[in-house]
Each structure stands twice: as structure tokens, then as C-alpha cells.
Amino acid sequence: SGFDCPRDVAFHPTPGMHLGIHAEGRDFFPDEGEEAWVLNGYNHSVSIVASLGTDRQTTISRRDRGYYHYMINATALAFNMVQNSGRRPDRDGFNYWGVCNDNRNTYMEAKEPNYFMGPTLYNSDPNNFNLVNRLGEVCADDEECFFLHSDMLHESPACIGIAHDPETVSAYGNVYWAFDSTGNQKEGQLVRFDFSQPHGPGSMDHSVAAIRRFPQITLARGEDGVHAGMVVHPERRELFVAEPGANQITVVNVNSGTFARTAREEYPIYSNALPSFEYSIYECADKRVFATGIDTPTGLAISPDGKRLFVAERASGDILVYEIATASLLTRINTGLEKIGGMAFSPVSEQLHFVDENTNTLYAVTAEKECSKPFESRVSSSFEQEVIKAKEVVGSSFSLYHDYTCVADPVVPDAAFFDQVHTDTGYASIDPNVQADMTGMDPTAALLVNRTDCGYTSELNFDALLLGGYYCHRCLPGRQGAECDAGGSCTNIQWIGYTCDNEFIFVSSDDGRTVEMQYPNKTVVDPSAITLSRDMTYRFTIRGKDLEACATHKGGTNLGCASNGPLFVVVDSETSPMINLQVGS
């Protein structure tokens, strides 16, 4: 419990890979229990529940330094769970994960929507700058860490559902399906994202990707922030999509569909202008309605044996169980809750888990007793035999639901549902260096440092701030966009990160005989020269073997101690004028 409006839950395929045995001054035990990742909609973060279901269970939360764009109101999360895909290790998206953001790029309502928004891809491996500190450096195990995205594509604003495709054909395995609830601004649509070769942390290059938009597969969203479950059946190659606004589950054959035309004219908001960036309209995909009459379906999960689909019915608080082969409703599980959302089966214990927004809790479904009368399949054996015969005659293209009269329309209509918002920020540039690593960034970005036109309808495009390397800027939301501890102010280090004026580090020498106090940028500081401010929380990171620090005031009143991690000292009206910090072995 203790989450902040949890929207979705997914299980990490390699527990302990991301956290290790020590992170942010805390110990973890990756060999005990499983690892659930819970997506929080209200504070735009992920809570990692380590050693789930054991005595060692503990939770740590993390987010992106640019959460107001990359994880804003995140509503769905999906891992690449495909191990041993046959891909080269350096080209395998195993352990990557993606999030969908239910936002039209408003920077936490600080800016009018420009619709330049879509799924964000991350690599959960903490190495290679996938996890960084405030300054964008490799995160040490004693300091606060932030996700650094591997890629982001911008063709599905107000995305409320995402599912990884477990295919093994693409080069990198980074194919995700998304519920674009904005669509053509009248109805939502299905979009397939192949991140292909992610640009990697620290880059903005979106020139290599392939996006397929399916405007004939219309989708209906629910209320703001309501999760739409999506899951791909690995054997049947079918995508199940919950439509909260239509009270139904839709099924799509993910191997179907025909290229019709480019999408750039009708949907002119896209991530890159180079020809290597593919953005296409696909039509004539196989689709059908799987189940109707579900009062606001949200989370979806397929049973480990692949035979049953579990559906969270948000309005009733029930979990509905269907046989996949026949779409027959088998049973209901009453949870007694009011806002259930995302669901997932834990890969080891094979136990169903789901989140509830009202109680801010992750729940597990447990069997009260052994099932004495298991459900029998309702599939007709004679029907199955006839399907097999049909496939032998027609071939692999046979489908019970294909519209054989459908013909893809190659004509590009003289219409556009959006206006391209990036004509002069770098995203629309045909120069690949503009979106490359920080050495190739647009040099005009330096001119943005003094911009003060931060208004809701001002000409300043906030996306240009991110492209220009601003993590701390007066126009960014919150405390200038940065995540300093309470009361702190940030200073931007362009294209790298930022520092906070309420953060210090104590570092012991290699021989352990001396201790230095430093700013986060490694500058040595004299402790006696520091004047602390009231109504401020100070972070003192204690770094060094066997090094410990304790803070006291008022003649010895203890303010806390820490070792190999952060010591937080809150300075308020009750704090005495002098604080003593004792640091040593």
C-alpha cells in the first residue's frame, strides 16, 4: 500500500537486475521473492516492490528527471519479457519497458496542449547511463537515482494502454502496441510502435523507428486517467484491448493489416522528418469484438496457461474470467473495491495481482480452496477440426474474422487532423546532428536560458527546452522542473543535469583518514562557511567505507544518523541556530 493513484502493475523479468543489493542507501535481497513495478499516476513515478510477499518486502520509488514530459500522468506499463529470443545481446530489448502517458503534452497544465506525446522506452539495466543522478552521471548506490529514457516516440497523445509484442522477428524486439485515445480527435485508434534501434540515454535522435497507425481500428477511452488494459497472446498472435468507453474487449490479429499510405499528411505530428523514420497508415487488419456488456473494463491479464482472459471491471469491482477460445464468461471474482485497474500474473508464483486507485494498494488474488470441479473447455472438437482443414486449404493467411472485401486505400486525403508544432525547435530538422548526442545539439538552444515568456499560450515551446538540455528552467513546471528536496533550488547544467543548493556529500579519503565535504559537482566546501536556511530539507550523502554521520542540535538532541546513504536534516522554526555534524568511522 502507500502508492499514489496506482494505474498499472507489471513484473520485472529479472528481479534484482535494476536495484542490485544496495541502492539509495538501502539494502535489497533480489534472491527472495518477485519484483513488482507499480505505476503511479498522480506523482508520475514507478514504485518498485522488491522481494514481494516475503519478510524482506520493501518499496522504493523512482521517476525520470523530466517526468513532466516522459512520465506525465503515466497510465500503462509493459515489460519485454522475451528471454532467449535469438537476438544478439547488444540488440535485444529483453528487460526494457515502456510507459504510456495520458497527457496531450501540457507540462502539468502549464502549457496549452501541442499533442507531441507518446510512449517512452526505458532500459531497466542500471548500467550505461540508464540510471543517473541529478547531474546525469552514473548513479552511485548511496544517492538518489533517476530513470533516463532510451527512446520516446510522439505519435499517440493521451495514450492510456500499452502492450509489448513478444514477436521474435524484428531486429531489436522493441515492438509495442498503444491505445492512442486522441486518434483523429474524434475517436481513439490503435498504433503499433517499433522503436527499432533506440537512440539510447543522453540522445534525442528519433530518425530510426517504424510506426503503423490503424485508423480503421477505433477505440473508445473512459474518464481521464482510466487505464486501458492491453495484452498480446503469444501463440494466437492476438492483441486484446480493453475499451473503457465502449464497455467491451476488442481483439486484433497483430500479424494482419496492409500498408495503405504515409501517415505524415493526415497526422503531421511525428518524431523525425528524415526518410528513415517510417510513419504509415495500415488498413484491413483482422479485428472482432471479444466481449461486450462489461461496465468500464480496465486491466487485462492472460492466465499462464494461455487459456483464460482476466478482465477488471472497474464499475463493479469484479474480475471477470473468460475462456479465450470461445469468449465464454466462466466466473466473476468480487473484490469489493471501486477503482481497480491494471493487472498482471507474477511469473514465478503465477498469482494474479491488480491495483486499486481508491485504496492506493497492490492486491493479490489467492485461492481459498482447491477447485474440485475445474472448468471444461467449451470449444467444439468438430469445429476445431474444420478450422484445421480450412488452414490446410487456404494457408497461414486463413482467418475467421478477415474481411476479404477490404481494399487498402493508397490515396492520401487533402486533410490534416493536427498542425505540426515543431517547425523550428530541432525535432523537425533534416539535420541528423540536431537530434544526436549532446555535442550535436542545436547551438541556438543556449539562447533559451533567459526566456521568461512562460505563459500558457506563449510562443515558447517547452519541448525546445528539453531538446536544448534544460532540466532546470524558470518555465518548467513544479520547482523549475527539478527534483530538489523540500525547499531547495536548482541550477541547470546544460545537456547534463542540475544541482540543488540543499545537497552535500561527505567523502572519505582512500586511506579513510580524512573526510571532505563536497557539493554534488565535487567542489570541496568548508562546513563552517555554510549557512543553512529554515523551511528547508538538507540531504547529506555519506559516501565511503565504514563512514557514518550524525546530526545534533540543542545540546545533543539527535536529528538522525546515516551511513552509505542519505542523511536528511529538516531545518524549521524549532531548529537551533547551530547544527553539529559528526562524521567518522
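Quick caveat, the model's predicted, so the values are computed rather than measured.

## Quick notes on the sheet that holds strand E4 (residues 34-40)
The pairing of strands in a sheet comes from backbone hydrogen bonds and takes either a parallel or an antiparallel form.
Working step 1: Ordered in space as E1-E4-E5-E6, the four strands form an open sheet in which the pairing is antiparallel. Every interior strand has two partners, whereas the edge strands, strand E1 (6-11) and strand E6 (58-62), have only one. In this sheet, neighbouring strand axes are inclined to one another by 25° on average, regardless of whether the strands run parallel or antiparallel.
Working step 2: Where strand E5 (residues 45-52) and E6 come together, five bridges link them in antiparallel fashion. Pairing of Val 46 across the sheet is with Arg 62, part of E6.

## Some remarks on the pattern of salt bridges
Working step 1: One pass over the structure, following the stated rule, counts 28 salt bridges.
Working step 2: Between Arg 134 and Glu 503 there is a salt bridge; the shortest N-O distance is 2.9 Å. With Arg 134 in the loop between strand E10 (131-132) and strand E11 (146-147) and Glu 503 in strand E32 (residues 503-508), this pair connects stretches of sequence that are 369 residues apart.
Working step 3: With relative accessibility at 5%, the residue Arg 134 sits in the buried group.
Working step 4: Note that Glu 266 is salt-bridged to Arg 261, the shortest N-O span being 2.8 Å.
Working step 5: Owing to a relative accessible area of 8%, Arg 261 belongs among the buried residues under this scheme.
Working step 6: Within this structure, Arg 134, Glu 144, Asp 485, Glu 503 and Arg 539 form a network of salt bridges that share partners.

## Describing the pairing of strand E14 (residues 175-180)
Working step 1: In terms of burial, E14 is a largely internal element, six of the six residues being buried.
Working step 2: By the alternation rule, side chains of E14 split into Val 175, Trp 177 and Phe 179 and Tyr 176, Ala 178 and Asp 180, which are all buried.
Working step 3: Pairing of strand E13 (residues 159-164) with E14, which is carried by five bridges, proceeds in the antiparallel orientation. Looking across to E14, one finds that Cys 159 is bridged to Asp 180.
Working step 4: With six bridges joining them, E14 and strand E15 (residues 188-194) adopt antiparallel strand pairing. Each bridged residue has a counterpart across the sheet, and for Tyr 176 the counterpart in E15 is Phe 193.

## A look at the confidence of the model for the protein
Working step 1: Across the protein, the average pLDDT comes to 92, with 96% of residues at 70 or higher.
Working step 2: Per-residue pLDDT stays below 50 along residues 434-440; that stretch engages in 24 contacts with residues further than four places along the chain or on separate chains.

## Considering the nonpolar core
Working step 1: Of all hydrophobic cores here, the largest spans 39 residues; its most connected members are Val 46, Leu 77, Trp 97, Phe 147 and Leu 465.
Working step 2: For this core, the secondary structure elements donating two or more residues are E4, E5, helix H1 (67-70), strand E7 (74-79), strand E8 (96-101) and helix H3 (462-467).
Working step 3: The biggest single contributor to this core is H3, with five residues.
Working step 4: Excluding residues that lie within four positions of it along the chain, Leu 77 makes contacts with Asp 8, Ala 10, Leu 39, Val 46, Trp 97, Gly 98, Val 99 and Ile 162.
Working step 5: The next biggest cluster of nonpolar side chains, apart from the first, holds 26 residues, and it includes Tyr 176, Tyr 267, Tyr 270 and Ile 281.

About the cut-offs
- Residues numbered from 1 in each chain as written.
- Predicted model: local features only at pLDDT ≥ 70, side-chain atom pairs only at ≥ 80, totals over all residues.
- Heavy atoms only, no water.
- Pairing = 2+ DSSP bridges.
- Helix = DSSP H or I, 4+ residues; strand = E, 2+ residues; numbered from the N terminus.
- Axes fitted to C-alpha atoms, helices over the stretch in contact; angles between N-to-C directions.
- Salt bridge = Lys/Arg side-chain N within 4 Å of Asp/Glu carboxyl O.
- Buried < 20%, exposed > 50% of the residue type's maximum accessible area, 1.4 Å probe, protein only.
- pLDDT = per-residue confidence, 0-100.
- Contact = heavy atoms within 4.5 Å.
- Core = buried A, V, L, I, M, F, W, Y, C linked by side-chain atoms within 4.5 Å.

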